[in-house]
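Notes for the structure review
In case you want the letters, here they are:
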Amino acid sequence: MTINYKFPEGFWWGSATSATQIEGAAEEGAKGKNIWDYWYEVEPNRFFEDVGPKETSDFYHRYQEDIQLMKEIGHNTYRMSISWSRLIPGGRGEVNPEAVAFYNKVIDELLAKDIEPFVNLFHFDMPLELQEEGGWESRAVVDAFVDYAKEAFRLFGDRVKKWFTFNEPIVPVEGGYLYDFHYPNVVDAKRATQVAYHTAIASAKAVEAFREFEIKEGKIGIVLNLTPSYPRSNNPADLRASRIADLFFNRSFLDPAVLGEYPQELINILEEHGQLPVTEKGDKELLKQNTVDLLGVNYYQPRRVKAKEHLPNPYSPFMPEWFFDHYEMPGRKMNVYRGWEIYEKGIYDIMMNLKENYGNIESFVSENGMGVQDEHRFLQDGEIQDDYRIEFISEHLKWLHKAIEEGCNAKGYHMWTFMDNWSWSNAYKNRYGFVSVDVKTKERKLKKSAHWFKQVSNQNGF
């Protein structure tokens, strides 16, 4: 068999998950409540088929079986997150010994199977008590996050070398403070910019704390969902629309994390519209001095935009969409279940941008994947024949390979996700895993893509 796409030696093959989406055991092991536990209690109807985060995929009890499956399907790396409300119930104070024991067992089990753990500190799951203080609107919560980060580095830094401060920090900003799809369901851009700003500060402070630990061969990064903004045309009005969309949704986190400063044009727009966040003395230097070592890139779909058709309603809340309209390109390839466009070249464009404008920072694809509804339709002889997923991954990998050939510093590919998981308000509507999970019995079964991925990993290419 000829390998047309060979990847660099030591390439990271694996998948990504998050604590709230797979652990379950939401009321076990002395875990505190996070905003998802609470929101589900008060508004279960906001979740697909009323399925909440209580038991999800039950990784908490089945981690050994799951890590064995990771090994079987060729993982050499795996990104997980720590649940802040499990490690430090309430978000402040004593660490929970049951949580320490659990995460130690998971990390040790991964290492015993030659799978390197990549550990992320925050994946949308604010402890409820801290959200009640204002969540990321509060500078005191930033300090609590830094204390939590230090505990994690202290407890697990002897074995974990790859750390991440946040996963997709723009999403809680969009979901919680602009578009009403995450708790606390606020629609207020001024508060949104404060949340975004404090998140960037929290990330820089966690980077600063990490460096004080001097973890041998340790690296710390951030995981950003980078979505290239493609203009409808080369008309200056369309180009401006795509540039501003890029400022709001990509560069608002990418620039401070990697370059240590905010784009001036974004500052100008926020200032002109009275939306600037409150800052503190010393913040500028903090950002400048604590940029990340490593960048995780989550990519699912492109953002296509055009100039506004109509002026924004002057009485409406300020929104990024005051500056652009979304554009549906004729003939685009779609994942109909998610309503998302499939555009594989996007991964190449992101990597080239990092190479040309961000010092070619060490990076990897930290999430990429395809959610499909009613996947049991594709069941044959007890195995889900997810050829569509194999095609999706391989087409993205071809573009990633091209970027690497052209000098991009991309070190790996992680799929979202290892096994079908609970996907926030969508619960189990769309399935993303290499491994199918029966929601009732929790039985795990490899899909066709899992066998394919094992081969890719073993050959370091395809």
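Look a little higher up for the structure.
Keep in mind the model is a prediction, meaning the values are calculated, not measured.

1. Considerations on the overall build of the protein
Tallying secondary structure elements over the protein gives 15 helices and 19 strands in all. In terms of overall dimensions, the protein is globule-like: its C-alpha atoms have a radius of gyration of 21 Å, near the 23 Å expected for 462 residues. In terms of principal-axis extent, the alpha carbons of the protein reach across some 60 × 55 × 45 Å. In the protein, buried positions account for 60% of the 462 residues. Taking as baseline every contact in the protein between residues at least 6 positions apart, the subset at least 24 positions apart corresponds to 77%.

2. Structural notes on the packing of aromatic side chains
Scanning the model with the defined rule gives 52 aromatic pairs in all. With centroids separated by 5.6 Å and ring planes inclined at 70°, the aromatic side chains of Tyr-38 and Tyr-183 adopt a geometry described as edge-to-face. Here Tyr-183 lies in the loop between helix H8 (170-177) and helix H9 (189-213) and Tyr-38 lies in helix H2 (residues 35-42), a separation of 145 residues in the sequence. Look at Tyr-38 and you get partly exposed, because its relative accessible area is 25%.

3. Quick notes on the environment of Lys-445
Looking at where Lys-445 falls in the secondary structure, it is placed in strand S19 (residues 444-446). It is 32 Å that separates the C-alpha atoms of Lys-445 and Met-126, two residues lying 319 residues apart in sequence. Beyond its immediate stretch of four places on either side in the chain, Lys-445 contacts Gly-382, Phe-434, Val-435 and Ser-436.

4. Remarks on the sheet that holds strand S16 (residues 410-416)
In spatial order, the strands read S1-S2-S3-S4-S5-S7-S12-S16; together these 8 strands close into a barrel with parallel pairing. Direction aside, the axes of adjacent strands within the sheet are offset by 25° on average. Pairing between strand S12 (residues 363-367) and S16: 2 bridges, direction parallel. Directly across from Ser-363, in S16, lies its bridge partner Ala-410. Sheet contacts for helix H10 (residues 236-259): strand S5 (219-225) and strand S7 (294-298); angle to S5, the most-contacted strand, approximately 170°.

5. A closer look at the pairing of strand S1 (residues 12-16)
Of all 5 residues in S1, 5 are buried, a share of seventy percent or more. Here S1 pairs with S16 via 5 bridges, running parallel. Across the sheet, the residue bridging to Trp-13 is Tyr-413, located in S16. In the sheet, S1 pairs with strand S2 (residues 77-81) via 3 bridges, with the strands oriented parallel. Bridge pairing links Gly-14 to Thr-77 in S2.

6. Some remarks on the sheet that holds strand S6 (residues 229-231)
Pairing is mixed across the open sheet formed by 3 strands, whose spatial order is S6-S8-S9. Both edges of this open sheet fall to S6 and strand S9 (325-326), since each of them pairs with a single strand only. In this structure, strand S8 (residues 303-306) lies alongside S9, joined through 2 bridges in antiparallel fashion. Within the sheet, the bridge partner assigned to Lys-306 lies in S9 and is Asp-325. Set on the sheet, H10 makes contact with S6 and S8; between it and S6 the angle comes to about 170°.

7. Thoughts on unusual backbone geometry
Omega for the peptide link from Tyr-183 to Pro-184 comes to 15°, which places this bond in the cis form. With respect to the secondary-structure elements, Pro-184 resides in the loop between H8 and H9. Cis peptide bonds are those with omega within 30 degrees of zero, and the linkage from Trp-416 to Thr-417 qualifies with 10°. Residue position: Thr-417 is located in the loop between S16 and strand S17 (430-431). The phi dihedral of Asp-114 is positive, around 60°, even though this residue is not glycine.

8. Here's the deal with the packing of H10 against helix H11 (residues 264-272)
Closest axis-to-axis distance for the H10/H11 pair is 10 Å, and the angle between their directions is 105°. As judged from the angle between their axes, H10 and H11 are roughly perpendicular. Within the contact between the two elements, H10 uses Arg-243, Ile-244, Leu-247, Phe-248 and Ser-252 and H11 uses Glu-265, Leu-266, Ile-269 and Leu-270. Tallied by class, the residues present in the contact of H10 with H11 amount to 6 nonpolar, 1 polar and 2 charged.

9. Description of the packing of helix H3 (residues 59-72) against helix H5 (residues 97-112)
Packing of H3 against H5 leaves a shortest axis separation of 10 Å and a crossing angle of 10°. With respect to their mutual orientation, H3 and H5 come out roughly parallel. Contacts between H3 and H5 involve Phe-59, Tyr-60, Tyr-63, Gln-64, Ile-67 and Met-70 on the former and, on the latter, Glu-98, Phe-102, Lys-105, Val-106, Glu-109 and Leu-110. Each residue belonging to the contact of H3 with H5 can be placed in one class, and the counts come to 8 nonpolar, 1 polar and 3 charged.

10. A look at the pattern of salt bridges
Following the criterion strictly, the structure yields 43 salt bridges and no others. Note that Arg-139 and Glu-280 form a salt bridge whose closest N and O atoms lie 3.8 Å from each other. Within this pair, whereas Arg-139 is found in helix H7 (residues 139-156), its partner Glu-280 is found in the loop between H11 and helix H12 (283-289), the two being separated by 141 residues in sequence. A cluster of three or more residues bridged by salt bridges with shared partners is formed by Glu-375, Asp-386, Arg-389, Asp-420, Arg-431 and Lys-447.

11. Things to note about the side chain of Asn-225
Mapped onto the elements, Asn-225 comes out in strand S5. When sequence neighbours within four positions are dropped, the list of residues in contact with Asn-225 reads Glu-168, Ile-170, Val-171, Phe-249, Asn-250 and Asn-298.

12. Thoughts on H8
Burial within H8 is extensive, with 8 of its 8 residues counted as buried. For H8, the set of buried residues is Ile-170, Val-171, Pro-172, Val-173, Glu-174, Gly-175, Gly-176 and Tyr-177. Where H8 is buried, its residues contact helix H6 (128-132), H9, S5, H10 and S8.

13. Things to note about the nonpolar core
Formed by 134 residues in total, the largest nonpolar core has its most connected members in Trp-84, Trp-136, Phe-156, Trp-163 and Leu-400. Examining the composition of this core, we find that 13 residues originate from one element, H9, more than from any other.

Definitions and cut-offs
Residues numbered from 1 in each chain as written. Predicted model: local features only at pLDDT ≥ 70, side-chain atom pairs only at ≥ 80, totals over all residues. Heavy atoms only, no water. Helix = DSSP H or I, 4+ residues; strand = E, 2+ residues; numbered from the N terminus. Rg over C-alpha atoms; globule rule 2.2 N^0.38 Å. Buried < 20%, exposed > 50% of the residue type's maximum accessible area, 1.4 Å probe, protein only. Contact = heavy atoms within 4.5 Å. Phe/Tyr/Trp six-rings, centres within 6.5 Å; stacked < 30°, edge-to-face > 60°. Pairing = 2+ DSSP bridges. Axes fitted to C-alpha atoms, helices over the stretch in contact; angles between N-to-C directions. Parallel < 35°, antiparallel > 145°, perpendicular 65-115°, else oblique. Nonpolar A, V, L, I, M, F, W, Y, C, P; charged D, E, K, R; others polar. Salt bridge = Lys/Arg side-chain N within 4 Å of Asp/Glu carboxyl O. Core = buried A, V, L, I, M, F, W, Y, C linked by side-chain atoms within 4.5 Å.

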